[in-house]
Amino acid sequence: MTFLVFAYNEARRIRHVLDHAEKWAREIVVIDKGSTDGTLEICQSYGDRVRIVSIPFSDRGHEDYADLIPKHASQDWVFFSTCSEVPTRKLIEKCQEVLSSKADDLDLIYVPRLMYNFGLHRLPDNGGVAFYPFLFHKKRVLITKEIHNNFHARDSARTYRIPYADDCCVHHLTHPTVRAFWLSSLSYFAVEVEKDISPEKAVRECFKNIEKMSNRMLLEGESWLPFYCAMASYELGKALSVWEKAQGPDRAVQKYEELAQRLVAQEWKGTLPDSSGKPSAPVRLVDSRLLKPVVVALARLPYLLVKISFLFRKLKIKGD
């Protein structure tokens, strides 16, 4: 297998990624996007064991996987990773076992990832484990620009899903802080809004996702709050990004500029620039009369969840 990872300013985490990969991967490739924090020097310290490919910087989620991965991975089977991830030894052994017995019959293997945010992970059976197609045959798989879903088997019968176990998974150690989560989200929003879906449908899906997630949060016990806030804010950010794109991302900037020019011309020069001065009609993205009750109901959910959580805690204390 080729172990391949994209990196940008990952000096804090890159050693965790490379230390295990050098134990089992036939080839290790780091595609660096212009790091300036010492990431390159750390990779170079591994000598010939790590091959570094330097490319221009691009925001997270904007990499051209279809061009870069087949070009720079010399092995047919590629284990794709990020600097957020540390696979267990048993997972790697399971991957090797599957390839040794079924490689000719498979194009893509789904790997279980235990998803962490802010140092916590959700319950594995409540969305805490996600299966990603991160082990694939570079010549047979279809690589697209679909965010978080870049690798596809042309025939679903030629796929395999490795079962999750506590000692057989990838620990996806992402977003240690709220700031890191929101900065990462900003990069992803730009990709999310490029999906081939109508703005109205995209916004509705965001609110539906919040509703689905809300129904599961209390199962997380004490740790539900950061997951709810993070995922809800991500879906709302997507909705806002879609709304902005539908209206035109520079529309507000242009309106502010026109307003400032009119005020200066009217109040300080006594003349108006060539403009009607009338505010433009808002662009209708969704029927707000239908969406408003859903938004109002969702807005009450955090309050209700907090209230229920405190009630459960009181009952637990009394029971103890």
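First things first, this report covers the structure right here in the doc. These numbers were taken from a predicted model, which means no experiment stands behind them.

Analysis parameters
- Residues numbered from 1 in each chain as written.
- Predicted model: local features only at pLDDT ≥ 70, side-chain atom pairs only at ≥ 80, totals over all residues.
- Heavy atoms only, no water.
- Helix = DSSP H or I, 4+ residues; strand = E, 2+ residues; numbered from the N terminus.
- Buried < 20%, exposed > 50% of the residue type's maximum accessible area, 1.4 Å probe, protein only.
- Areas by Shrake-Rupley, 256 points an atom, 1.4 Å probe, with all protein chains shown as cover.
- Polar contact = N/O pair within 3.5 Å; in protein donor to acceptor, adjacent residues only side chain to side chain.
- Contact = heavy atoms within 4.5 Å.
- Pairing = 2+ DSSP bridges.

**Side note on the overall build of the protein chain**
Within the protein chain, the secondary structure is distributed over 9 helices and 12 strands. Sorting the 320 residues of the protein chain into buried and exposed places 41% on the buried side. Total accessible area on the protein chain stands at roughly 18,600 Å², and carbon and sulfur atoms take up 55% of it.

**Concerning the side chain of threonine 2**
Mapped onto the elements of the fold, threonine 2 is located in strand β1 (residues 2–7). The exposure class assigned to threonine 2 is buried, which follows from its relative accessible area of 0%. Polar side-chain contacts of threonine 2 include one of 2.5 Å to the side chain of glutamate 27. Not counting residues within four places of it along the chain, the set of residues in contact with threonine 2 comprises Glu27, Val29, Ala73, Ser74, Gln75, Trp77, Val78 and Phe79.

**Side note on the side chain of serine 223**
Among the structural elements, serine 223 can be located in the loop between α6 (199–217) and α7 (224–247). Polar side-chain contacts of serine 223 include one of 3.2 Å to the backbone oxygen of glutamate 220.

**A closer look at the pairing of strand β6 (residues 108–117)**
With respect to burial, β6 is a largely interior element, 8 of its 10 residues being buried. Across 3 bridges, the pairing between β6 and strand β11 (residues 159–161) is parallel. Of the residues in β11, the one forming a bridge with isoleucine 109 is tyrosine 160. In terms of strand pairing, β6 meets strand β12 (residues 170–174) through 5 bridges, oriented parallel. Residue pairing across strands places asparagine 117 opposite threonine 174, the latter belonging to β12.

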